[in-house]
Amino acid sequence: MRIDIISVVPELLHSPLQHSIMKRAQEKGLLEVHIHDLRHFGLGKHRQVDDYPFGGGAGMVLRPEPLAQCLDTLMAQHTYDEIIYLTPDGQRFDQKMANRLSLKDNLLLIAGHYKGIDERIRQHYVTLEISIGDYVLSGGELPALVVVDAVGRLIPGVLNDETSALLDSFQDGLLAPPVYTRPANFRGWEVPQVLRSGNFKAIEAWRYEQALQRTRQRRPDLLLDEEAE
Ligand code: ADE
């Protein structure tokens, strides 16, 4: 999968993609992330990318020309399955959307800043608007990284243990069950006997029961969502 990200603060994007699973995904050639500095397409000698909002009000808005030029340049070279704008008023990101996006070949992400981007870019270029939650961040870079990470780790072959993504919270509509590692007894706190029994059927049943119980207690809305579908 290829993911392009357009940003006015590209420095924010580099480090998180150079470690751990995202690093491995790129090294394995399963994920390519290309970061584009919008300022390269800025106007005039100051490479201006933002301006005051028509009608007044606080905050700056990203102008349409640099964005359109950057998008046109990229779209002339690649065909994108989705052009995604990260924004608090977008569709709420969840595991289902991550799964769906992990099947795509080419994604283009626009990280806005300031007050947002000119509405005409949203109308004429953007195909999907994503919010990572009901809170406002100072830019779309962290949300873009959240999407890249959640989607990237689902690409087949990225995780070593192919089953481990399947055991994640939300993957089957449930929160994940508790996990334990050695020592079996830590300060007198024991690991549940069933996990040490070697009885894989019993372990699977225990994990399912725990996942169900945890979901009922913490996120009953997830169980209602399942019923509604
Ligand atoms: N940009 C600022 N806040 C955001 C959010 N919650 N989700 C996506 N993009 C954003």
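Here the structure is shown first, and the text comes after it.
Residues numbered from 1 in each chain as written. Predicted model: local features only at pLDDT ≥ 70, side-chain atom pairs only at ≥ 80, totals over all residues. Heavy atoms only, no water.

1. Considering the pattern of salt bridges
When charged atoms on two side chains of opposite charge get close, those side chains can pair. Threshold: Take a side-chain nitrogen of Lys or Arg and a carboxyl oxygen of Asp or Glu: if they are within 4 Å of each other, that pair is a salt bridge. Under the DSSP-based scheme used, a helix requires at least four consecutive residues in state H or I and a strand at least two consecutive residues in state E, with every element numbered from the N terminus. Relative accessibility thresholds used throughout: buried, under 20% of the residue-type maximum; exposed, over 50%; partly exposed, between the two (1.4 Å probe, protein chains only).
Going through the model one piece at a time under the given rule, you end up with 13 salt bridges. Among the ionic pairs, Arg122 bridges to Asp89, the shortest N-O distance being 2.8 Å. With Arg122 in helix H5 (residues 119-124) and Asp89 in strand E5 (residues 82-92), this pair connects stretches of sequence that are 33 residues apart. By relative accessible area, Arg122 is classed as buried at 14%.

2. Some thoughts on the environment of Arg153
The criterion, for reference: Should any heavy atoms of two residues lie within 4.5 Å, those residues are counted as being in contact.
Among the secondary structure elements, Arg153 is positioned in the loop between helix H6 (141-152) and strand E8 (185-186). Put simply, Arg153 and Glu209 are 56 residues apart on the chain and 26 Å apart in space, counted from C-alpha to C-alpha. When neighbours within four sequence positions are excluded, Arg153 is seen to be in contact with Ile21, Met22, Val158, Leu159 and Asp168.

3. A word on the site of the ligand
For clarity, the cut-off: Throughout, the term near means that a residue has one or more heavy atoms lying within 4 Å of the molecule or strand in question. Polar contact criterion, stated in full: a pair of N or O atoms within 3.5 Å, where within protein one must be able to donate a hydrogen and the other to accept it, and residues adjacent in sequence count only if both atoms are side-chain atoms. Each accessible area value is a Shrake-Rupley result obtained with a 1.4 Å probe; residue values ignore everything except the protein chains displayed when judging cover. Residue polarity is assigned by list, with Asp, Glu, Lys and Arg as charged and Ala, Val, Leu, Ile, Met, Phe, Trp, Tyr, Cys and Pro as nonpolar; anything else, Gly included, falls into the polar class.
Every residue near the ligand is listed here: Leu86, Thr87, Pro88, Ile130, Ser131, Ile132, Gly133, Tyr135, Val136, Leu137, Gly139 and Pro143. In this structure, Ile132 approaches the ligand through a main-chain N or O atom, which is 3.0 Å from a nitrogen atom. Take Tyr135: an N or O atom from its main chain is 2.8 Å from a nitrogen atom of the ligand. Notes on the ligand: free accessible area 260 Å², of which the protein chains cover 96%. Counting residues per element, the ones that place at least two in the shell around the ligand are E5 and strand E7 (128-131). The element that contributes the greatest number of residues to the shell around the ligand is E5, accounting for three residues. Class assignment for the residues of the shell around the ligand results in eight nonpolar, four polar and no charged.

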